[in-house]
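Structural overview
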Amino acid sequence: MQARQKDSLLVASVKDSLGGAIITFALACVMIGLRVDVASGRGAELFLEHRWLAVAAAVVIVFAGRFAMNVFFWKREDPPSLNLSGFLPKGGLSTGTSSVLKYALLGLAVVLPFALMFWLGARGSRQYIDLAILVLTYVMLGWGLNIVVGLAGLLDLGYVAFYAVGAYSYALLAHYFGFSFWICLPLAGILAAFWGIILGFPVLRLRGDYLAIVTLAFGEIIRVVLLNWYQFTGGPDGLSGIPRPSFFGLEFTRGEGGFASFFGLDYSSIHRIIFLYYLIFAMALFTNFVTMRLRRMPIGRAWEALREDEIACRALGINTTTTKLTAFALGAMFAGFAGSFFATRQGFISPESFTFLESAIILAIVVLGGLGSQIGVVIAAIVMIGGFEFFREFEEYRMLVFGMIMVVIMVWKPRGLISSRTPSVALSKNAKGISADLVQEGHG
Amino acid sequence: MTTGQPLLSVRGIKTFYGKIQALHGVDLDVYEGEIVTLIGANGAGKSTLMMTVCGTPQARNGSVSYCGEDITYKPTYEIMRTGIAQSPEGRRIFPRMTVLENLMMGGMVAGNEHFEEDLRRAFELFPRLKERQQQRGGTLSGGEQQMLAIARALMSRPRLLLLDEPSLGLAPIIVAQIFDAIRELNRSDGLTVFLVEQNAYHALKLAHRGYVMVNGTITMTGTGKELLSREEVKAAYLEGGAH
């Protein structure tokens, strides 16, 4: 923060007022937006009233008022709310808080299903656990794509193709050979990695925009093939009756030999949901673990160097071909794992689920989170996927609100939510991340 | 000094960019323990020659050999593993990685057995880098970035160091520091240096031998002192230069 440039009075005021407006929005959502009332007509029944208009009014009033105070009254070029960083621990907001945040999120993720069960009961918590599973799937996909886009700097717009390969690998292997989920999971990963290499070869010499176009086309090719190869993939009808995963051989079924009877529990469909939750949680953690380990190894450092400067990499004797291919293959492998999880969770897949929009969402998660940041991906996935569900209230305006949030994030934090990069190696003890805001892209 | 088999030998190199010919049959030798410089104007083909030695682009005719082995058509990453290291034109350090990480990248192909030792040597040559080891490459000044580029190249323990315009865009005092470091590396470590420069005066003062390139052909060669005293060199490259 030391090198913050002095903004002009107007810009500083707008920023400060926006900050106030956002805080107001967060508070007003709960305090003004929701109102519990007693309905007179329907007996003494409690019901919830939404007052989004009042929230909007509160936000506008705070913004306008704060702006006016800044411009006409305080006339300071460093409005108080911009100096909040002085109260935060030294070393910048991102490194200090993100490690606390990391463990807080991890702890929350571990206890989440049981907390929800305790709080809302088996029936009430189901939809929230389902949503959490969806968020975790996107966290895993985001982490997988982060290897390709965030670390190696290869812009991949067709990532969903590997997700599709994973899902169809499992569905088809189960359909034609009757393989179980646990056998298919590694196979799906291997097949997706294989397709990652197939895509990697023709695009080795491409970068940036050109690479993006080719990967986009590749994603569409996979989808169109799945759509038209009717005899094999079922085309637009998709594949149904995909077997569910078992817990060390125990099926989640009613009656003898099922999970519930084995552990002496009453049968409930929530068991499988909770199992799926912990399954994707473990898979996502595995993705993160592998990525973090690789980052500290020569191959991971080579990926990052490749993102920074390909010519310099070659001048240092790094084989850029294998470096790129491993990034594509590993990223694709994790998408393959996530894909087979998706297939087993849904029990039904069709090419419909693997459109370009999916690639765009995953990429948006990675970019909003801050390219290369693991915790950033988590936050962005929660905001994007969770927010998408949360804003159901807005109905047709949902996409509008959603788009505005994305624009605001990108204006506010142009390099994503967590933009500092933690060095992969440090000799001295006082090593600290330096915010990327202080470094111009690609130049000194 | 110029006896026996050269460490690097370039014979009749012709390099093309598409249809445009950049090098018209260049011969050049670098012997073990020498500092050899190649000077010339903008666009003469100096950097092209250096890049051809590194294998991108590859020569269409002629040969490049290193330690008696033909490396003309080897891929770049293999050439850079044979004991040749390069500090490329425009420095090309990794801006978002720290100084230490940049140096680790340099030592990657050599393995990490000698990493600590090489790091100490690099910091000895360029103490500024030691102070800034946790700083991102992109936040360094131009001179520090050039030091980092050279230090990074040294981390692979080369026998031959290729330097492409290390003085580019730097203040005279920094140029002097960098050239001192090159002289020091040559004297105490016995490192062979091939230096491409536009700053003819400094380069020829530093080098044992020099070549002058004009439009993709070598027009003159001799010891650094000889070339400095030649009228043609003075007229073309030293007029109003840094004396």
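Scope of this entry: the structure provided in the associated data block.

Rules behind the numbers
Residues numbered from 1 in each chain as written. Chains lettered and ligands numbered in written order. Predicted model: local features only at pLDDT ≥ 70, side-chain atom pairs only at ≥ 80, totals over all residues. Helix = DSSP H or I, 4+ residues; strand = E, 2+ residues; numbered from the N terminus. Buried ≥ 20, exposed ≤ 12 C-beta atoms within 10 Å, placed from the backbone. Contact = placed C-beta atoms within 7 Å. Rg over C-alpha atoms; globule rule 2.2 N^0.38 Å. Core = buried A, V, L, I, M, F, W, Y, C linked by C-beta atoms within 7 Å. Nonpolar A, V, L, I, M, F, W, Y, C, P; charged D, E, K, R; others polar. Pairing = 2+ DSSP bridges. Right-handed = clockwise from strand over helix to strand, strands pointing away. Axes fitted to C-alpha atoms, helices over the stretch in contact; angles between N-to-C directions. Left-handed = near helix turned anticlockwise from the far one by under 90°.

1. A short note on the overall build of chain A
- Each helix and strand counted, chain A has 15 helices and 4 strands in total.
- Out of the 444 residues in chain A, the part that is buried amounts to 40%.
- Counting only contacts in chain A whose residues sit at least 6 apart along the sequence, the fraction spanning at least 24 positions is 72%.

2. Digging into the overall build of chain B
- When you go through chain B residue by residue, the secondary structure sums to 10 helices and 10 strands.
- Here the C-alpha atoms of chain B give a radius of gyration of 17 Å, agreeing with the 18 Å that 2.2 N^0.38 yields for 243 residues.
- Dimensions of chain B, computed from the C-alpha atoms along their principal axes, are close to 45 × 40 × 35 Å.
- In chain B, which comprises 243 residues, the share counted as buried stands at 50%.
- Within chain B, contacts between residues separated by at least 24 positions form 68% of all contacts whose residues are at least 6 apart in sequence.

3. Looking at the nonpolar core
- One finds Tyr-163 and Ile-280 of chain A together with Ala-151 of chain B to be the most contacted residues of the largest nonpolar core, which totals 173 residues.
- Here the element with the most residues in this core is helix α3 (residues 93-151) of chain A; it accounts for 17 residues.
- Excluding anything up to four places from it in sequence, Ile-280 of chain A contacts Ile-133, Leu-136, Thr-137, Met-140 and Phe-341 of chain A.
- Counting 6 residues, the second largest nonpolar core, distinct from the first, contains Ala-21, Ala-28, Val-55 and Ala-58 of chain A.

4. Considering the interface of chain B and chain A
- Between chain B and chain A, the contact holds 31 residues from the first and 31 residues from the second.
- Contributions of two or more residues to the side of chain B that touches chain A are made by α2 (76-79), α3 (99-106) and α6 (142-154) of chain B.
- Looking at the side of chain B that touches chain A, its residues break down into 13 nonpolar, 13 polar and 5 charged.

5. Some thoughts on the pairing of strand β8 (residues 192-197) of chain B
Residues and elements named next belong to chain B.
- A large share of β8 lies buried, amounting to 6 of its 6 residues.
- Both faces of β8 are covered, namely the face carrying Thr-192, Phe-194 and Val-196 and the face carrying Val-193, Leu-195 and Glu-197.
- Both strand β3 (residues 35-40) and β8 contribute to a ladder of 5 bridges, which runs parallel. Directly across from Val-36, in β8, lies its bridge partner Phe-194.
- The sheet contact formed by strand β7 (residues 160-164) and β8 spans 5 bridges and is parallel. Paired with Leu-160 across the strands is Thr-192, a residue of β8.
- Assessed by its sense of winding, the connection that carries the chain from β7 through helix α7 (residues 172-189) to β8 is right-handed.

6. A look at the sheet that holds strand β6 (residues 84-87) of chain B
Residues and elements named next belong to chain B.
- Across the sheet, which stays open at both edges, the 6 strands sit in the order β6-β7-β8-β3-β9-β10 with mixed pairing between neighbours. Edge positions in the sheet fall to β6 and β10 (217-223), since each has one partner strand and no second. Direction aside, the axes of adjacent strands within the sheet are offset by 15° on average.
- With 6 bridges joining them, strand β9 (residues 209-214) and β10 adopt antiparallel strand pairing. Bridging across to β10, Val-214 finds its partner in Thr-217.
- Along the sheet, helix α1 (residues 46-54) makes contact with β3, β6, β7, β8 and β9, crossing β7 at roughly 145°.

7. What to know about the packing of helix α5 (residues 181-200) of chain A against helix α12 (residues 320-346) of chain A
Residues and elements named next belong to chain A.
- At a closest axis distance of 7 Å, the pairing of α5 and α12 adopts a crossing angle of 140°. When the axes of α5 and α12 are compared, the crossing they make is right-handed.
- Tallied by class, residues from the contact of α5 with α12 come to 17 nonpolar, 8 polar and 1 charged.

8. Structural notes on the sheet that holds strand β5 (residues 69-70) of chain B
Residue and element names in this part refer to chain B.
- Taken together, the 4 strands give an open sheet; going across it, the order is β2-β1-β4-β5, and neighbouring strands pair in antiparallel fashion. Lying at the two open borders of the sheet, with one neighbouring strand each, are β2 (20-30) and β5.
- The sheet contact formed by strand β1 (residues 8-17) and β2 spans 8 bridges and is antiparallel. In the strand pairing of β2, Leu-8 is matched with Val-30.
- Its contacts with the sheet place α1 against β1, β2 and β4 (61-66), and it is angled at close to 110° to β1.

9. As for the environment of Gly-40 of chain B
Residue and element names in this part refer to chain B.
- Structurally, the position occupied by Gly-40 is in strand β3.
- Put simply, Gly-40 and Gln-198 are 158 residues apart on the chain and 6.1 Å apart in space, counted from C-alpha to C-alpha.
- When sequence neighbours within four positions are dropped, the list of residues in contact with Gly-40 reads Lys-46, Val-212, Met-213 and Val-214.

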